[in-house]
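Coordinates in review
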Amino acid sequence: MRMIGCKGVGRIVLAAAVMAAAGTSRAGAAPGMAGDTGGSAPAVLSQIPSDATAAVVIGNLKSLGTKISNLGTRLNLTQRFGIPLPPDLVGFASRNLGITKGLDPNGSAALVLLGMTPEELPTMGGPNGPPIVFLIPTTDANGMLSDVSPGAKDADGIEEVTIPAMGDRKTFTAVVADKWVAFSHNHDVLDKYMKRQGEGLDKTVAGLGGSATGAAALQVFSGNDAVVWWNLPAISTVVSPYLDRAQEQVSEGMDLANMSANQPAITAAMQKAMFSVYFQSFRAVLHDGAGAMTTLRLSDAGVTFGNIAVMKEGSEAGKVIAALPLPGSSAKDLTLNGLPGGGFLAAAVARLDGAALAGPIGSFGDSLMQDQVISKDPDAPQIQRMITLAKDLASMQRGLKMVLLDPPAGVKSGFGRGAFLSDVTDPAKSVQLSLSLYDDKQLVAVLQKFSPTIVMTPTIVRDAVTIKGVKLTKVQMEYKLPEATADHPAPPGAEMGLDMIKHMYGPDGMTMYVGVVGKRVLTVIGAEPGVLEGAVAAAQADSDELDAVPAVAAEKREISKDAIGVAYAPMGKWAALFGDMLTAQLQMSGEL
């Protein structure tokens, strides 16, 4: 496996920071590609087989335990929820397991999910559960095991132990390199692990794209408190048959729903085509991916999650990534400059390559037009025109930045407010093509066939406002339910879908403004006072106000210069937002 390379430099697909602050807006340090802790990668990586399906790696048990306890204290979890979090969480947990000697609290630990076949997935490895092995660091393996009544070792060096907290469930152990004790509830699983061959995960990660990129990838483990490694090729092999089955079941369910609602054949065909793209995209990520890492980091400010994926060299996804221009000596082109600052729900920036984006869109269009129902529909020429328009728009893309802003005080709906800044080769043409999707009645009719459960009515006002010399065209999109009749009853889920849209954009639908600022296209969603003015001013000044927000600044320092995209999302705000939405849904259904 290799990370996709370009000019000899490996490429990280995405670094995402998902932040949950504990009483502050700052979210701590990096999600992934570098850390301020320094040091080498956790030693336990060498004991994780490279063909493992997944692994959870903890760099330092005591450090993580202390941070969890401190975070629990700041969040007052004991008083709020009755969750006991003693200062020495690791010691507390080990004593509850009956282990009082031999634990190395400063060592690295791992939970390893060994490789599986597709046939083993339904039972997750057999009657004893998934094929999992725990690697616990030790300074004295015999001392550690003396507390759990070990039996005699068998020919494979495995012994059965009794752990009171596990009840009657069998537990088997073996000593690994005199530094870890391996635990498993399945003798055969532990035996398979002990007889592993080949390189360890440390070598695999170090080979993900040359020495420089491999070293940076290893820093993911040293710079975070915990990392989940995902072996995407192994996962692809195991889950592919089930994805095929799931797609068949979804397709059959859509057929029944469309028959119930008496939907036209063209609508059903286009819906199925879109869902097919979703499944194909997921398969492509698994098939083309070399691996992925989900990271966890705790600090005095809160919790930071992140995700990094790497693609195989020569894969279709890899070709798209390889086509992107390499950054310079810094990640300047991954800043959020030009976006309005302040409180935000999400922010992201990505480098794009137009030609690489247009290719997959063209392939989707070709497959869409091969469907007999779609190709013979009277609107087939308009469908083809829409695909061509989408390709033309994509081909101009060079980069995209976006921010979703906090809703105004007291507003419980309409969180879809923010600004998008697109770096394109021809801004005026890009705006013209984008607006035609709303202004051309034939194209609007085609778009409606993709989503028949909600009726969309766009209204366009050219040059509706001028702010700081920038002319902005207004697009107002109204959403409503289709008229239900005996022959055409309301589609399943239509009312809930409309309610979700109202939560996103407000009761009046989506209000959007589009215009050209310098050499970029500015799109603003929302019409509240100050939103347009702030977005235009930030774009004109190329403001770094959003980059200076503590939650963003802390993450930005740690993002690899090889990353092609970065996303930020404060978890606490989203949890509150979805809580409000769930409450509204329960109230609407009469359950609350």
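Residues numbered from 1 in each chain as written. Predicted model: local features only at pLDDT ≥ 70, side-chain atom pairs only at ≥ 80, totals over all residues. Heavy atoms only, no water.

Across its full length, the chain holds 19 helices and 20 strands. Looking at the 592 residues of the chain, the share that counts as buried comes to 47%. With the model as given, the accessible surface of the chain reaches about 27,400 Å², and the carbon-plus-sulfur share is 57%. (Helix = DSSP H or I, 4+ residues; strand = E, 2+ residues; numbered from the N terminus. Buried < 20%, exposed > 50% of the residue type's maximum accessible area, 1.4 Å probe, protein only. Areas by Shrake-Rupley, 256 points an atom, 1.4 Å probe, with all protein chains shown as cover.)

Moving on, we get to the pairing of strand E14 (residues 397–405). Across the nine residues of E14, seven count as buried, placing the element largely inside the fold. Inspection of the sheet shows strand E13 (residues 344–351) paired to E14 by seven bridges, in the antiparallel sense. Among the inter-strand pairings, Ala-348 is bridged to a residue of E14, identified as Met-402. Pairing of E14 with strand E15 (residues 418–424), which is carried by seven bridges, proceeds in the antiparallel orientation. Bridge pairing in E15 links Gly-399 to Asp-423. (Pairing = 2+ DSSP bridges.)

For the chain, the mean per-residue pLDDT works out to 80, and 80% of the residues sit at or above 70. Below pLDDT 50 for its whole length, residues 1–15 participates in 76 contacts with residues either more than four positions away or in separate chains. Per-residue pLDDT stays below 50 along residues 327–331; that stretch engages in nine contacts with residues further than four places along the chain or on separate chains. (pLDDT = per-residue confidence, 0-100. Contact = heavy atoms within 4.5 Å.)

Note that Ser-94 resides in helix H3 (residues 89–96). Not counting residues up to four positions away in its chain, the partners in contact with Ser-94 are Ile-99 and Leu-103.

With that out of the way, let us pick up the pairing of strand E5 (residues 109–113). Burial runs high along E5: four of the five residues are buried. Judged from the five bridges that link them, strand E4 (residues 54–58) and E5 form a sheet pairing that is antiparallel. What sits directly across from Ile-58, in E5, is Ala-109. In terms of strand pairing, E5 meets strand E6 (residues 132–137) through four bridges, oriented antiparallel. By the bridge assignment, Ala-110 is partnered in E6 with Leu-135.

Another point: unusual backbone geometry. The backbone of Ala-177 sits at a positive phi, close to 55 degrees, despite the residue not being glycine. As for its position among the elements, Ala-177 is in the loop between strand E8 (171–176) and strand E9 (180–184). Not every positive phi belongs to a glycine, and Asp-463 is a case in point at roughly 50 degrees. Note that Asp-463 resides in strand E16 (residues 455–467).

As a further point, take the pattern of salt bridges. Tallied over the entire structure, the rule returns eight salt bridges. With a closest N to O distance of 2.9 Å, Asp-225 and Lys-67 form a salt bridge. Remark: Lys-67 occurs in helix H1 (residues 61–74) and Asp-225 occurs in the loop between helix H7 (210–222) and strand E10 (226–230); sequence separation between them is 158 residues. Taken together, the salt bridges that share partners define one network made up of Asp-156, Asp-191 and Lys-195. (Salt bridge = Lys/Arg side-chain N within 4 Å of Asp/Glu carboxyl O.)

Following both chains from N to C, one finds helix H11 (residues 354–369) and helix H13 (residues 380–395) inclined at 165 degrees, their axes separated by 7 Å at the closest point. Put simply, H11 runs roughly antiparallel to H13. Like other packed secondary-structure pairs, H11 and H13 cross with a definite hand, here right-handed. Taken together, the residues of H13 that come into contact with H11 (itself represented by Gly-354, Ala-355, Leu-357, Ala-358, Ile-361, Gly-362, Gly-365, Leu-368 and Met-369) are Ala-380, Ile-383, Gln-384, Ile-387, Ala-390, Lys-391, Ala-394 and Ser-395. Broken down by class, the residue content of the contact of H11 with H13 amounts to eleven nonpolar, five polar and one charged. (Axes fitted to C-alpha atoms, helices over the stretch in contact; angles between N-to-C directions. Parallel < 35°, antiparallel > 145°, perpendicular 65-115°, else oblique. Left-handed = near helix turned anticlockwise from the far one by under 90°. Nonpolar A, V, L, I, M, F, W, Y, C, P; charged D, E, K, R; others polar.)

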